[in-house]
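Inside the fold
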Amino acid sequence: MSAPAQHASRTPDASRGAQARERMILAALDLFGKHGFDATTTRMIAQAAEMNLGAIPYYFGSKDDLYAEAAGYLAGFIEQEQAAPLQLLKAQSARTNDVHQLIDQVMAFMLTQARLLLADKVPASWIQFFLRAQAEHGEAFERIFAQVVEPMQQCLTDIMARIIQRSPDDFQTRALSFVVLHQFVCFRLADSVLMRRMDWDAITPERVEQLLDVIAPHLRAQLLSAAHLPVHP
């Protein structure tokens, strides 16, 4: 049999295998996020993925390995979603030293990230997975942090240093970049409280924009104040 024919004969099986792996990873990501590592059994994951229990050791080896793969999947998803906005921020900020322009660029990036976080595209269980991984300080957290959190944080820290004219290693620079990056996260982490407080039954794109209309001026004022610039020209 020729090489192309061999490849063709293996492709359907390979495709089915990839689909099976992804179904189990998605089920694991959801259940680990909702219940935590210890409370989630491999049987629960297999049932949610509509797979035989033996598929987990066959494709992944162990529950720990599947947990690591779920973390990698989440990291890959976030990395892919933020790749273009982050690259644009890096390119734009490299072309200017004007503080107002740098602030505008950071604002645009942060609003893009906020829309991603608050959209239904990111399930609540995925957010909970990250929180649980963060609390455990294990391999899963290290993988997500190294792949997506650190690159984004480092980029913002470098730009923030130019905005407030301090070293990237300065405490104020690092603290400000952390606050700017993570203050939007609280809205997603407390989305149930947010919806109750706002008397909403869901967070829609229109409601996200309403929130951002309130938040954005405060973030801009925070950056202008840190740069010792007038908040209201």
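A brief structural summary. (Residues numbered from 1 in each chain as written. Predicted model: local features only at pLDDT ≥ 70, side-chain atom pairs only at ≥ 80, totals over all residues. Heavy atoms only, no water.)

Thoughts on the overall build of the protein chain
- Secondary structure assignment for the protein chain yields 11 helices and 0 strands.
- Listed N to C, the secondary structure of the protein chain is α-α-α-α-α-α-α-α-α-α-α in terms of helices and strands.
- Oriented by its inertia axes, the alpha-carbon framework of the protein chain measures out at about 70 × 50 × 35 Å.
- Looking at the 233 residues of the protein chain, the share that counts as buried comes to 39%.
- Considering only contacts within the protein chain whose residues lie at least 6 apart along the sequence, 68% involve residues at least 24 apart.
- Each charge class in the protein chain was averaged separately, 21 positive and 26 negative side chains, and the resulting centres sit 2 Å apart. (Helix = DSSP H or I, 4+ residues; strand = E, 2+ residues; numbered from the N terminus. Buried < 20%, exposed > 50% of the residue type's maximum accessible area, 1.4 Å probe, protein only. Contact = heavy atoms within 4.5 Å. Lys, Arg positive; Asp, Glu negative; His and termini not counted. Charge placed at Lys NZ, Arg CZ, Asp CG, Glu CD.)

So, the nonpolar core
- Of all hydrophobic cores here, the largest spans 37 residues; its most connected members are V106, M110, I163, V180, F184 and L223.
- When contributions to this core are tallied by element, the ones reaching two or more residues are α4 (63–93), α5 (99–118), α7 (139–164), α8 (171–182), α10 (191–198) and α11 (205–226).
- In terms of residue count, the dominant contributor to this core is α5 (10 residues).
- Contacts of L223, omitting those with residues within four sequence positions, involve I103, V106, M107, M160, I163 and V180.
- Among the nonpolar cores identified, the runner-up in size contains 32 residues, and A28, F60, A71 and F141 belong to it. (Core = buried A, V, L, I, M, F, W, Y, C linked by side-chain atoms within 4.5 Å.)

Some remarks on α5
- Helix length check: α5 (20 residues) gives 28 Å between terminal C-alpha atoms against 28 Å at 1.5 Å per residue, within 8%.
- The backbone nitrogen of H100 has a side-chain oxygen 3.1 Å away, supplied by the residue at the start of α5, namely D98. (Expected span 1.5 Å × (residues − 1). Polar contact = N/O pair within 3.5 Å; in protein donor to acceptor, adjacent residues only side chain to side chain.)

Some thoughts on the side chain of Q153
- Mapped onto the fold, Q153 is located in helix α7.
- Non-local contacts of Q153, meaning those with residues more than four positions away in its chain, are made with S177, F178, L181 and H182.

None of this, on its own, says anything about what the molecule does.
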